[in-house]
Amino acid sequence: MAYVPNDASEIDADWLTEALQERHPGARVRSVEIAERAEVTNAHAWLRVAYLESGGKGPDGAPTSLFCKLLPNDPQRRPAIAQTRMGIREARFYAELAPKLSLRVPRAHVVRYEDDEVGAFVLLLEDLVESGCTVSTGPESPSPDAAAKALEDLAGMHVRFEDPAVRAREAGWVTAPDPPSDYGTLRLKEGLEHHRDRLTDAFAEMSALYIEQREALHAVWAEGPKTVIHGDTHIGNLFDDHGRTGFLDWGIIVVSTPLRDMSYFINMSLSVEDRRAHERALIRHYLDVRSALGGVAIDEDEAWLAHRLHAAYLAPASCQIVTFPEDATPKRKRFASAFLARAEAAIEDLESRAALREHAGI
């Protein structure tokens with residue numbers, strides 16, 4: 001079995017030369033330098049690569065800059081994150097599904113993982129900054145036109161995997177979501193107990209409802225046709241490639257309703273103003289594209305109701321933010337503020353509490 005590094009510092013010229021051969025045959029690495037590190041959910045590093053040939057630039061297409069993603073270095077967090085299997089799912093997405101889809105995702109140069117109890121993985125992906133792409137700091141949003149194209153790309157993936165036979169053959173490892181844990185409930189309780197004055201009434205009401213009716217709400221959010229979905233299409237998991245929206249962070253890829261991706265993307269990527277002005281047209285566009293691709297029929301009323309119901313999910317989706325951690329960096333606070341503003345506006349605008357009461361008696 002090919003070795004999976006535990007840390008970015010273990011990626012040396014010999015290892016990277018061997019690892020690049022699958023996608024860049026003939027590449028011979030002279031040196032690898034760690035330019036930057038960060039510890040988020042996983043360990044991130046940015047690598048600079050020089051080659052023995054072509055003045056150090058290597059063969060055509062060989063990367064001179066790489067984004068590296070591995071399990072976290074913290075010995076206490078590492079097993080907990082590994083247990084989620086997010087890294088394995090993301091690695092398998094890049095290795096097995098990304099080449100079959102028209103979605104704009106970072107190019108994968110090296111993908112390795114150990115599908116065992118340890119769950120080690122390494123992803124060496126396109127450095128988006130070097131490619132001239134940008135990732136939102138929070139307030140920045142795709143234009144309505146870019147959002148329409150992104151929904152077309154999502155529709156293509158959704159329709160492809162709606163057939164259970166195709167899904168079993170090409171993506172059998174993608175499963176339904178795990179049962180909800182106490183994590184979101186506990187964070188929301190903390191937010192309501194200590195920061196209620198910083199939350200809107202509609203958001204606070206939805207948070208309290210989630211605490212009381214978590215299982216019932218997740219059952220509602222699971223309704224509808226099933227397919228492979230990204231599962232976490234908020235602004236922080238997107239990037240802009242000169243006007244085209246790309247999709248990052250595939251660790252929560254699951255089998256669920258495509259309307260979850262559609263609604264979450266519209267609510268949590270567009271600015272509040274653009275979402276209010278264009279959400280109905282974007283939903284119709286998504287449905288039209290699905291229909292043209294031969295997808296399972298979903299009418300506009302059904303999709304609009306699902307959009308309202310899925311807005312309720314934005315409360316638990318914001319569970320980390322509503323604890324308002326004092327040690328958050330200015331960058332994190334800027335992102336969190338924009339995230340929460342989108343969530344609060346959608347819950348209120350779409351009257352998601354009333355939708356739940358009318359649809360499911362919750």
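The structure this text deals with has already been given above.
A brief structural summary. On a predicted model such as this, the values are computed, not experimentally measured, just so you know. (Residues numbered from 1 in each chain as written. Predicted model: local features only at pLDDT ≥ 70, side-chain atom pairs only at ≥ 80, totals over all residues. Heavy atoms only, no water.)

Overview of the overall build of the chain
So, step 1. Helices and strands together make up the secondary structure of the chain, namely 13 helices and nine strands.
So, step 2. A compact globule built from 362 residues would reach a C-alpha radius of gyration of about 21 Å, and the chain, at 21 Å, matches this within 12%.
So, step 3. Long-range pairs, those at least 24 residues apart, make up 72% of the contacts in the chain with a sequence separation of at least 6.
So, step 4. Counting every atom, the chain has about 16200 Å² of accessible surface; 50% of that belongs to carbon and sulfur.
So, step 5. Charged side chains of the chain number 41 positive and 58 negative; the gap between the two group centres comes to 1 Å. (Helix = DSSP H or I, 4+ residues; strand = E, 2+ residues; numbered from the N terminus. Rg over C-alpha atoms; globule rule 2.2 N^0.38 Å. Contact = heavy atoms within 4.5 Å. Areas by Shrake-Rupley, 256 points an atom, 1.4 Å probe, with all protein chains shown as cover. Lys, Arg positive; Asp, Glu negative; His and termini not counted. Charge placed at Lys NZ, Arg CZ, Asp CG, Glu CD.)

Observations regarding the pattern of salt bridges
So, step 1. Inspection of every chain in the model, using the stated rule, returns 28 salt bridges.
So, step 2. Measuring nitrogen to oxygen at the nearest pair gives 3.7 Å for the salt bridge that ties Arg 48 to Asp 127. Remark: Asp 127 occurs in the loop between β5 (121–126) and α4 (144–160) and Arg 48 occurs in strand β2 (residues 43–51); sequence separation between them is 79 residues.
So, step 3. On the basis of relative accessible area, Arg 48 is assigned to the partly exposed category, the value being 33%.
So, step 4. Asp 127 gets classed as buried once you look at its relative accessible area, which sits at 6%.
So, step 5. The residue Arg 244 makes a salt bridge to Asp 153 at a minimum N-O spacing of 2.9 Å. Placement of the pair is Arg 244 in strand β8 (residues 244–247) and Asp 153 in helix α4, with a sequence separation of 91 residues. (Salt bridge = Lys/Arg side-chain N within 4 Å of Asp/Glu carboxyl O. Buried < 20%, exposed > 50% of the residue type's maximum accessible area, 1.4 Å probe, protein only.)

Describing the sheet that holds strand β3 (residues 65–70)
Within a sheet, each strand pairs with its neighbour through backbone hydrogen bonds, oriented either parallel or antiparallel.
So, step 1. The sheet built from five strands is open, its strands ordered β1-β2-β3-β5-β4 with antiparallel pairing. Each of the sheet's edge strands pairs with one partner strand only, and the pair in question is β1 (29–39) and β4 (108–113). Direction aside, the axes of adjacent strands within the sheet are offset by 20° on average.
So, step 2. Pairing between β3 and β5: five bridges, direction antiparallel. Paired with Leu 70 across the two strands is Val 122, which belongs to β5.
So, step 3. The strands touched by helix α1 (residues 13–20) are β1, β2, β3, β4 and β5; relative to β4, the strand with the most contacts, the crossing angle is about 100°. (Pairing = 2+ DSSP bridges. Axes fitted to C-alpha atoms, helices over the stretch in contact; angles between N-to-C directions.)

Observations concerning the packing of helix α9 (residues 272–292) against helix α10 (residues 300–311)
So, step 1. For the pair α9 and α10, the least separation of the axes is 10 Å and the interaxial angle reads 125°. Here α9 is positioned oblique relative to α10, judged by the angle of their axes. Relative to α10, the crossing made by α9 is right-handed. Contacts between α9 and α10 involve Glu 279, Arg 280, Ile 283, Arg 284 and Leu 287 from the former and Glu 300, Ala 303, Trp 304 and His 307 from the latter. (Parallel < 35°, antiparallel > 145°, perpendicular 65-115°, else oblique. Left-handed = near helix turned anticlockwise from the far one by under 90°.)

Geometric descriptors of this kind do not, in isolation, establish any biological role.
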